[in-house]
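Geometric and topological summary
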Amino acid sequence: MPSAMKLVHATTTASLLLCFGNAPTEAFTPSHAQVQMTPRFPATTTTGNPQANNNLATTSTTCLRALDNSNLAESMASVQELAKVFSDGMNGLMEQVNLPQLQILTLASAGIADTTTVAGINDEQTTLQLLQLGASNPWHFFAVAVFGIPNALRYVITVVPDQYDEAPYEPGTKTYSPQAAAEFYQQRPWLVVKRILKMALLTASFNSGLLWDWLVLGKLLGDENYTALKKAEPRRAKQALALCEKLGPTFIKLGQALSIRTDLVPEAYALELRQLQDAVPPFDSTVARKVLEREFQVNNLKQIFSSLSAEPVASASIGQVYRGTLASTGKDVAVKVQRPGILAEIALDLHVLRLLTPIQTALQNAANGVPTTQGDIDLAVDLVDEWGRGFVAETDYRLEAANTMQFQKAMEARGLNAVCAPTVVPELVRDKVLVTEWVEGTRLDRDASPDVPRLCGVAINAYLTMLLDTGVLHCDPHPGNLLRTTDGKLCILDWGMTLAVPNNLQYALLELIAHINVEDYDAIPNDFINLGFSPEGVTAERLKESGITEGLSFALPTIESGRRSKKDSRTCQGRISRTLR
């Protein structure tokens, strides 16, 4: 009983102090509230005078001490006194506080109703009666608090904005450190717990629906075609899109990656997730302008831009883009502004994903009926880390500017004038701002011009040149980053995520291509070893003995001739996969 009463007391007292004390109201301001909120209540808000505030604090402290001493009679007396203080001060409170504010703060924090219901209450007398009823009797007070605990927790976890002020590492290609993150969040366990709970709450309905369709309607009822699961794909794909947007930039980036991988997700999901390629929900433009003023160290952006669009013209997972005109030259430019706190948010998500990956791997293997080994877990965690390195590097706008300029120079030096990147304005590159010249064009996959097939070939040549020649590979080639310019060129955008290709890997790829071209299949097992395709300890002789040469000699000419049937495809895949195990 004492521990339960402590919990009740803590909840009710916190609600009172948050609603009627000196706590900032921003902590309880709903993201979509229908009522305007003042920044902070005055210090005398509780009952209209400071003495009443002191009475509330004193009575609350007395009650907590009684609970600590397990004195039930004294505790009840203290709670009754606390309720009396609250009730006596109600009239004074009503005189000083706008009623809609009181509705939002009191009822939302106590869990009586969600914010949309509260904002819809217009009967002031009804609201007053509700509040006085809760304060007139301590048992009413307890009932409201006890039944409100789950709703209050849900509100704090899912509605109250997260504060991402610090990150365990800096932006860059070599700064990502799981060890630094583990030490950092060990000192901030609440951040991790809250993020996991938020992810669980937001995805609970989606996950339970998938589990029901797959396990109950499919597996347990013997539906080998999983009809219910497939039938629900269009609806669930829309839910997945909404979840990515709610879960934030990390999952938006993951959704972007999956939107072009129909080999990993059903086509309905991929089609829906493609909306994330260039239509991510933006953050407040007022905040973006403050970032610009801070980065450029000016009080008026007119000093830099003679014009700047009021709203972003495009929004992505890391930042959003405005169209402007330079005051100094009159050139049209694209102004890319980074989301505030993005690195800290990404770092937390990556840390949580590393914690959850072993569980996800075990569940996935169990669903497929295979045992889970430590090697499976290590591989999955390594994949998270590899993806994390690229994602963290993408927050370094100075690196992105350097990559963009390097690619442009490399293509010009090789005479590949059909492909380009936006021209960077070097003097306006900052940690969280990147300015480039404006590129007029349309997405390559949405352009109906007759030269689009030619530009697709240009894209292939450009990526092969990066992979086999320049050694810096653009790693974010989704359709939103490939434009057909008005003068018929291919423009590759967003150079934040790149991969350095070492010389030995370039040589190994060139040798593989050469051996395939001359049909020297006996040399390919050694190429597989050089490329890291085969498991450690497997020699070229063992690969040859396994029959891989025979499989490739059958598969590659069949693919080249374009006469491969589904049966041939399965035969090829089976032979090669058995060899590489």
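Reference entry: report on the structure contained in this document.

Basis of the calculations
- Residues numbered from 1 in each chain as written.
- Predicted model: local features only at pLDDT ≥ 70, side-chain atom pairs only at ≥ 80, totals over all residues.
- Heavy atoms only, no water.
- Phe/Tyr/Trp six-rings, centres within 6.5 Å; stacked < 30°, edge-to-face > 60°.
- Buried < 20%, exposed > 50% of the residue type's maximum accessible area, 1.4 Å probe, protein only.
- Lys NZ or Arg CZ within 6 Å of the ring centre and 35° of its normal.
- Helix = DSSP H or I, 4+ residues; strand = E, 2+ residues; numbered from the N terminus.
- Contact = heavy atoms within 4.5 Å.
- Salt bridge = Lys/Arg side-chain N within 4 Å of Asp/Glu carboxyl O.
- Axes fitted to C-alpha atoms, helices over the stretch in contact; angles between N-to-C directions.
- Parallel < 35°, antiparallel > 145°, perpendicular 65-115°, else oblique.
- Nonpolar A, V, L, I, M, F, W, Y, C, P; charged D, E, K, R; others polar.
- Core = buried A, V, L, I, M, F, W, Y, C linked by side-chain atoms within 4.5 Å.
- Pairing = 2+ DSSP bridges.
- Expected span 1.5 Å × (residues − 1).

**Re the packing of aromatic side chains**
Counted according to the given criterion, the structure contains six aromatic pairs. Seen in terms of ring centroids, Y169 and Y176 are 5.6 Å apart; in terms of plane orientation they differ by 70°. Their pairing is edge-to-face. Here the two residues Y169 and Y176 agree in accessibility, since each one is buried. Stacked on the ring of F184, the Lys or Arg R188 has its end atom at 3.7 Å from the ring centre.

**Overview of the environment of R414**
For R414, the position within the fold is in the loop between α18 (397-413) and β5 (419-420). Residues in contact with R414, not counting those within four places in the same chain, are T465, D469 and T470.

**Quick look at the pattern of salt bridges**
Within the structure shown, the criterion is met by 19 salt bridges. K238 is paired through a salt bridge with E272; the nearest N and O atoms lie 3.7 Å apart. With K238 in helix α12 (residues 233-247) and E272 in helix α14 (residues 267-273), this residue pair connects regions lying 34 residues apart in the sequence. Taking the relative accessible area as the measure of exposure, E272 reaches 13% and is therefore buried. With a shortest N-O distance of 3.1 Å, E440 and R323 are connected by a salt bridge.

**Re the packing of helix α13 (residues 249-258) against helix α16 (residues 342-367)**
Close contact between α13 and α16 brings their axes to 8 Å; oriented N to C, the two are set at 70°. As judged from the angle between their axes, α13 and α16 are roughly perpendicular. Within the contact between the two elements, α13 uses P249, T250 and F251 and α16 uses I342, E345, I346, D349 and L353. Here the contact of α13 with α16 is built from residues that sort into five nonpolar, one polar and two charged.

**A closer look at the nonpolar core**
The biggest cluster of nonpolar side chains holds 28 residues, and the ones touching the most others in it are Y169 and Y185. Only α9 (178-186), α10 (189-220), α16, α17 (374-393) and α18 provide two or more residues apiece to this core. By residue number, the principal contributor to this core is α16, which donates nine residues. In this structure Y169 touches T175, Y176, S177, A181, L343, A347, L350 and V392, once residues within four positions along its chain are discounted.

**Some thoughts on the sheet that holds strand β7 (residues 441-443)**
If you walk across this open sheet you meet the four strands as β5-β10-β9-β7, and the pairing is mixed. In this open sheet, the two strands that pair with only one neighbour each are β5 and β7. For strand β9 (residues 482-485) and strand β10 (residues 490-492), the ladder comprises three bridges, and the chain directions are antiparallel. From the neighbouring strand, L482 faces β10, where its bridge partner is I492.

**Brief notes about helix α19 (residues 452-470)**
Taking 1.5 Å per residue as the helical rise, α19 with its 19 residues ought to reach 27 Å, and the 25 Å between its terminal C-alpha atoms agrees with that figure. Residues V452, L455, V458, A459, A462, Y463, T465, M466 and L468 constitute the buried set of α19. Taken together, the buried residues of α19 touch α18, β5, β8 (472-474), β9, β10 and α20 (503-517). Following α19 by one or two positions, G471 has its phi on the positive side, about 85°.

**Some points on the packing of α10 against α12**
Relative orientation of the contacting elements α10 and α12 amounts to 170°, with a least axis distance of 11 Å. In this view, α10 runs roughly antiparallel relative to α12, as classed from their interaxial angle. Contacts between α10 and α12 involve R195, M199, L202, T203, F206, G209, L210 and D213 on the former and, on the latter, R236, Q239, A240, L243, K246 and L247. Within the contact of α10 with α12, the residues separate by chemical class into seven nonpolar, three polar and four charged.

**Quick word on the pairing of β9**
Residues L482 and R484 line one face of β9 and the alternating positions L483 and T485 line the opposite face, and both faces are buried. One ladder, built from three bridges, connects β7 with β9; its direction is antiparallel. Counted as the bridge partner of T442 is R484 from β9. Linkage of β9 to β10, two consecutive antiparallel strands, is achieved through a turn of four residues, within which G488 is found at a positive phi near 85°.

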